[in-house]
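Chain and residue survey
Listed below are the residues making up each chain.
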Amino acid sequence: MEYRNPILKGFYPDPSVCKFQGKYYLVTSTFEYFPGIPVFESDDLVNWEQKGHCLDTNSDLDLTNSEVSKGLFAPTIRSDGKRLYVIVTNVTIMRNFYVYTDDIESGWSDPIFIDGWSGIDPSLFFDDNGKVYIQGNSYKSDETLGIYQAELDITTGVLLSEKSYICAGTGGKAPEAPHIFKRDGFYYLLMAEGGTEYGHMVTIFRSSSISGPFESCPENPILTHRSIQSKIQCVGHADFIEDKNGNWWTFCLGIRVKGSHSYYHHLGRETFLAPVTWNSEGWPIVNNNNPLEFEMEGPLTVPQIIKDNSTTYDFEALKKIPERVIFLRNPDINNYKIVENDGLIMHGSQGKLTDTSKISFMGIRQSEFNIYFSVLLDFSNHNQGQFGIAAFMSREFHYLVEVDSERETVSFRKKIGSIDYVVCEYDLPEVSGIELKVTSDDKYYYFSYIVEGKENLLGQAECAFLASELSGTFTGTILGTYNHGDESQVVIVKKMSYLENK
Ligand code: 6LW
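Residues numbered from 1 in each chain as written. Predicted model: local features only at pLDDT ≥ 70, side-chain atom pairs only at ≥ 80, totals over all residues. Heavy atoms only, no water.

Here we look at the domain arrangement of the protein chain
Just so we agree on the cut-off: Reported domain spans reflect what an automatic or database domain assignment gives. Residue contacts are defined here by distance: any two heavy atoms, one from each residue, within 4.5 Å place the two residues in contact. Once two parts are put together, the accessible area they lose, assessed with a 1.4 Å probe and summed over both, is termed the buried area. Any carboxyl oxygen of Asp or Glu that lies within 4 Å of a side-chain nitrogen of Lys or Arg is treated as forming a salt bridge with it.
In terms of domain boundaries, the protein chain breaks down into domain 1 (2-297) and domain 2 (311-500). The centre of domain 1, based on its C-alpha atoms, is set 32 Å off from the matching centre of domain 2. Residue-level contacts link 40 residues of domain 1 with 37 residues of domain 2. For the domain 1 and domain 2 pair, buried surface summed over both sides reaches about 3,300 Å², with 54% attributable to carbon and sulfur atoms. At the surface where domain 1 touches domain 2, the tally comes to five salt bridges. A salt bridge links Arg-395 to Glu-67; the nearest nitrogen and oxygen atoms lie 2.6 Å apart.

Observations concerning the sheet that holds strand E21 (residues 232-242)
Spelled out, the test is: Should DSSP find at least two bridges between two strands, the strands are taken to pair. Only DSSP runs of H or I covering at least 4 residues are called helices, and only runs of E covering at least 2 are called strands; the numbering of each starts at the N terminus. Here, axes are lines fitted to C-alpha atoms. For helices the fit covers the stretch in contact, and angles between N-to-C directions go from 0 to 180 degrees.
Strand order in the open sheet formed by four strands is E21-E22-E23-E24, with antiparallel pairing between adjacent strands. Strand pairing shows two members of the sheet lacking a second neighbour, E21 and strand E24 (284-286), which therefore form its edges. When strand polarity is set aside, the average angle formed by the axes of neighbouring strands in this sheet is 35 degrees. The pairing of strand E22 (residues 248-256) with strand E23 (residues 270-278) spans seven bridges and is classified as antiparallel. Looking at E23, one finds that Thr-250 is bridged to Ala-274.

A word on the site of the ligand
The cut-off we apply is this: The near set for a molecule or strand comprises every residue that places at least one heavy atom within 4 Å of it. By the criterion applied in these results, polar contacts are pairs of N or O atoms within 3.5 Å in which, for protein atoms, one can donate a hydrogen and the other can accept it, and in which residues neighboring in sequence qualify only through two side-chain atoms. With residues, only the protein chains shown are counted as cover, and all accessible areas are computed by Shrake-Rupley using a 1.4 Å probe. When residues are grouped by polarity, Ala, Val, Leu, Ile, Met, Phe, Trp, Tyr, Cys and Pro land in nonpolar, Asp, Glu, Lys and Arg in charged, and all others, Gly among them, in polar.
The ligand sits among 13 residues. The nearest are Asp-14, Asp-121, Thr-196, His-237 and Arg-269. Separating an oxygen atom of the ligand from a side-chain N or O atom of Asp-14 is a distance of 2.5 Å. Protein chains shield 98% of the accessible area of the ligand, which is 290 Å² for the free molecule. When grouped by side-chain class, the residues that make up the shell around the ligand number six nonpolar, three polar and four charged.

As structure tokens, then:
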């Protein structure tokens, strides 16, 4: 049956997947954004529904002053049959921890921190004998590069054995993303090498013992797009899963590139799916040894319902902030209040988009190249400070349409590294409401504002200048609105509209 990649469009990197109570669950990394780690649920591996986040309180997730693309790196989701666990590294505080739930609808536990375990990309393995193991890698330390493992007391997070070195990989840089699973008596160790950029690859090893030694698959790397002519690149960071019919699949990250000989991407690393079969020697073959495609074929149980991520949030009618809306670092949740028939009251913060302090900013992931994003704002209670919309990659790379309510101006600004300037600025008429808008194709963003029923074009800006290849980010473009000023300065977000491919 055919299906279309990416399975999760927009900034949803480092996917991990497992089965629990007859359904599939998938998580991705979220870096400096809050809430942390979206949880997706599926019955069939191709149609996914978000079921909140693992870390949705400020006490669970400390992102204070998180620098660009720090915060939560790659998570792993696993189950022991009774409980669902998600383990992850918060690189901002350099701690590894996990949370668990017995029922996805009732939320997640407080974090259990693992003392004495460093590195990133932690994973869990529940062995048939009841023992639990943690895996991870060495990261920015003097430890030998490679994959490490220790036995873990899953009820307390205490390590029960020394941390042992189990695999160096095949020699690619940045051995990371380890996952162990058992099949036909072998312990398979899946991992990523080559770094998450254009040299990314998936490699696999196996042993008859959980502690190794692990032998390398003769076909390594079993999946890579390095030096392949494809509009899908950087494929790697995979997890494997056996579906309810005994078919195997891999979820991995990839990017949709633009450009010709020098590729770039600005939507972030996205989640892709490929079928896996096994050869007679017991080694996996991904997608019949073919590169991943946008149009794929695999032994699905039900057809994929192609999701349109278009949506309009009418905050005059909504009762709570939708789960696709994310914040930059820890939000002061009192700064965002939905008042029925009024809208979402967003109070100002002293933080600016260019720094790492607490900021009033909320947005959604850009999931396609061709989009329309607009916010309808009432600023009758804003007379000192600035507010606006942003096509935001990081504090160093973003575009803004900004209203200065004291000077009564609207301006179009570009921040591209050290290049930070106002493209144009206009006086605003005496109004208390405004619609700010950005549309895009695969080359440019186009910015405008609408007052008194008239749209005024401000200008355009290259998508390429927000690309991760330039900004050095692990994330993707977020389309959002912000309010800079003291907390008495209020904008009311009446509507937030996002349309893709329209
Ligand atoms: C992640 C590592 C990687 O922790 O990049 O693609 C890091 N792989 O495994 C951030 O996504």
